[in-house]
Amino acid sequence: MIAAISMMLAAIAAPAQVFRSLLGFDNADGAYPYAGLVQGIDGNLYGTSQEGGTQSDGTVFKITSDDALTTLYSFCFSDGFTPEAPLIQGSDGNLYGTTVAGGTGPKCSAGFADGCGTVFKIVPGGARTTLHNFENTDGEIVYGGLVQATSGTYGIPFGGGLDGYGTIFSEAVGLGPFVTTLPTSRKVGQRVAILGNNLTGATSASFNGTAARFTVVSSSEITTTVLNGATTGKVQVTKPTGTLSSNVPFRVRT
């Protein structure tokens, strides 16, 4: 009986789950959005579609909070074809991604299409830059996405390389070092890991300007606790060589 009453109370307290379709693609603004979405620091959602757009080679798009869709860029094969991986937002605020094929590189060894894929950057306003054209020996058929490490951006092509079975690559895009937190939100009193490079010798750590006690675990990790008075904002770690800020704001939960 007690268990049944508890279940009833939980059902009453639980918020209603409502599914709502935000929009539908019509090929002109994109088709087959294979990858998931990423929320930008501006609150908008960003994503890619495999096909569609003005050249039918895929798009990068933005969805605002009022469900309005904007096509930021339409690929035209020579600058990329079929973006399948999710975008990431770098610490500089720009978006980075990959295309499976296309670009100015040679034909894929698997005969998938001309061009072995690209790494690209796109600013939230829509201007796109090709950062790298794969040439088979350094990778091809780039299904995988990117992740920004504290020392650069990495990805994993499906094929290519010296033996033809894929590569792991590092793409330097001129971004400075930073720190990241695990997780990205906590309550006061809870522990947080701060990750970065060369953290040995750190002299201070703070949450949006509020100092925190911390312990250096290794050259790549600091552990700390969210103290009273901490507010949502950037986490900073000061070292003898300078101060590093987190790539995204840390949220202090209530």
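Here is what the cut-offs are and how they apply
By convention here, each chain's residues receive numbers from 1 onward along its written sequence. Reporting in this predicted model follows two pLDDT cut-offs: at least 70 for local features of residues, and 80 or more for side-chain atom pairs to be given and counted; totals over whole chains, interfaces and linings ignore these cut-offs and use all residues. Only hydrogens and water are set aside when side-chain values are computed; all heavy atoms of the structure are taken into account. Labels follow the DSSP assignment, with helices taken as runs of H or I lasting at least four residues and strands as runs of E lasting at least two, numbered in each case from the N terminus. Contacts are assigned to residue pairs with any non-hydrogen atoms lying within 4.5 Å of each other. What sets the accessible areas is the Shrake-Rupley method with a 1.4 Å probe; for residues, cover comes only from the shown protein chains. Pairs of strands are assigned from DSSP output, requiring at least two bridges between the strands. Fitting a line to C-alpha atoms yields each axis, with helices limited to the stretch in contact; the angle taken between N-to-C directions then spans 0 to 180 degrees. Pairs of N or O atoms are called polar contacts if they sit within 3.5 Å, as long as, within protein, a hydrogen donor faces a hydrogen acceptor (for residues adjacent in sequence, only side-chain-to-side-chain pairs). Two aromatic rings, drawn from Phe, Tyr or Trp (for Trp, its six-membered ring), form a pair once their centres lie within 6.5 Å of each other, and the interplanar angle then sorts them: stacked below 30 degrees, edge-to-face above 60, tilted otherwise. Only protein chains enter the accessibility calculation, which uses a 1.4 Å probe. A residue is then buried if its area is under 20% of the maximum for its type, exposed if over 50%, and partly exposed in between. The term nonpolar core refers to a set of buried residues drawn from Ala, Val, Leu, Ile, Met, Phe, Trp, Tyr and Cys, joined through side-chain atoms within 4.5 Å.

Here we look at the overall build of the protein chain
- Each helix and strand in the protein chain was counted, giving one helix and 21 strands.
- Across the protein chain, every contact between residues at least 6 apart in sequence was considered, and the portion connecting residues at least 24 apart equals 43%.
- A total accessible area of about 13,100 Å² is found for the protein chain, and carbon and sulfur atoms account for 55% of it.

Regarding the environment of F250
- Tracing the chain through its elements places F250 in the loop between β20 (242-245) and β21 (251-253).
- Contacts of F250, omitting those with residues within four sequence positions, involve T181, P183, T184, S185, R186, V192, F207, V226, T231, T232, G233 and V235.

Thoughts on the sheet that holds strand β16 (residues 210-212)
- Taken together, four strands build an open sheet; the order of strands is β16-β15-β19-β20 and the sheet is antiparallel. One side of each edge strand has no neighbouring strand; the edge strands of this open sheet are β16 and β20. Each adjacent strand pair in this sheet contributes to an overall mean axis angle of 30°, direction not counted.
- As paired elements, strand β15 (residues 204-207) and β16 share three bridges and run antiparallel to each other. Across the sheet, the residue bridging to A205 is A212, located in β16.

Topic: the pairing of strand β4 (residues 69-74)
- By the bridge criterion, five bridges tie strand β3 (residues 59-63) to β4 in an arrangement that is antiparallel. Of the residues in β4, the one forming a bridge with F61 is T71.
- Linking β3 back to β4 in an antiparallel pair, the connection comprises five residues, with D67 at a positive phi of about 70°.

A word on the side chain of T48
- Residue placement: T48 occurs in strand β2 (residues 45-49).
- At 3.5 Å, the side chain of T48 forms a polar contact with the backbone oxygen of P83.
- Residues contacting T48, with those up to four places away along its chain left out, are P33, Y34, A35, T59, V60, F61, P83, A85 and L87.

A closer look at the packing of aromatic side chains
- If you walk through the whole model with that rule in mind, you get six aromatic pairs.
- Here the aromatic rings of F25 and F61 are separated by 5.2 Å at their centres, their planes lie at 65°, and the arrangement is edge-to-face. Within this pair, whereas F25 is found in the loop between α1 (2-13) and β1 (38-39), its partner F61 is found in strand β3, the two being separated by 36 residues in sequence.
- A relative accessible area of 28% places F25 in the partly exposed class.
- Given a relative accessible area of 2%, F61 falls into the buried group.

Observations regarding the side chain of T118
- As for its placement among the helices and strands, T118 is situated in strand β7 (residues 118-122).
- With a relative accessible area of 0%, T118 lands in the buried category.
- Residues within four places of T118 in sequence aside, it is in contact with D79, G80, G97, T98, T99, A101, G102, G103, T130, H132, N133 and F134.

What to know about the environment of R253
- As for its position among the elements, R253 is in strand β21.
- Setting aside anything within four residues of it in sequence, one finds R253 in contact with S185, R186, K187, V188 and Q190.

Notes on the nonpolar core
- Within the largest apolar cluster, 16 residues are counted, with the highest numbers of intra-cluster contacts made by I194, F207, V226, V237 and F250.
- At the level of elements, β14 (191-195), β15 and β19 (235-239) are the ones that each hand at least two residues to this core.
- Beyond its immediate sequence surroundings of up to four residues, F207 is in contact with V192, A212, T224, T225, V226, A230, T231, K234, V235 and F250.
- Judged by nonpolar contacts, the second largest core, of 11 residues, contains C116, F134, V142 and L146.

Here's the deal with the sheet that holds strand β17 (residues 214-218)
- The four strands lie next to each other as β12-β14-β18-β17, forming an open sheet whose pairing is antiparallel. Every interior strand has two partners, whereas the edge strands, β12 (180-182) and β17, have only one. Adjacent strand axes in the sheet meet at a mean angle of 30°, parallel and antiparallel pairs treated alike.

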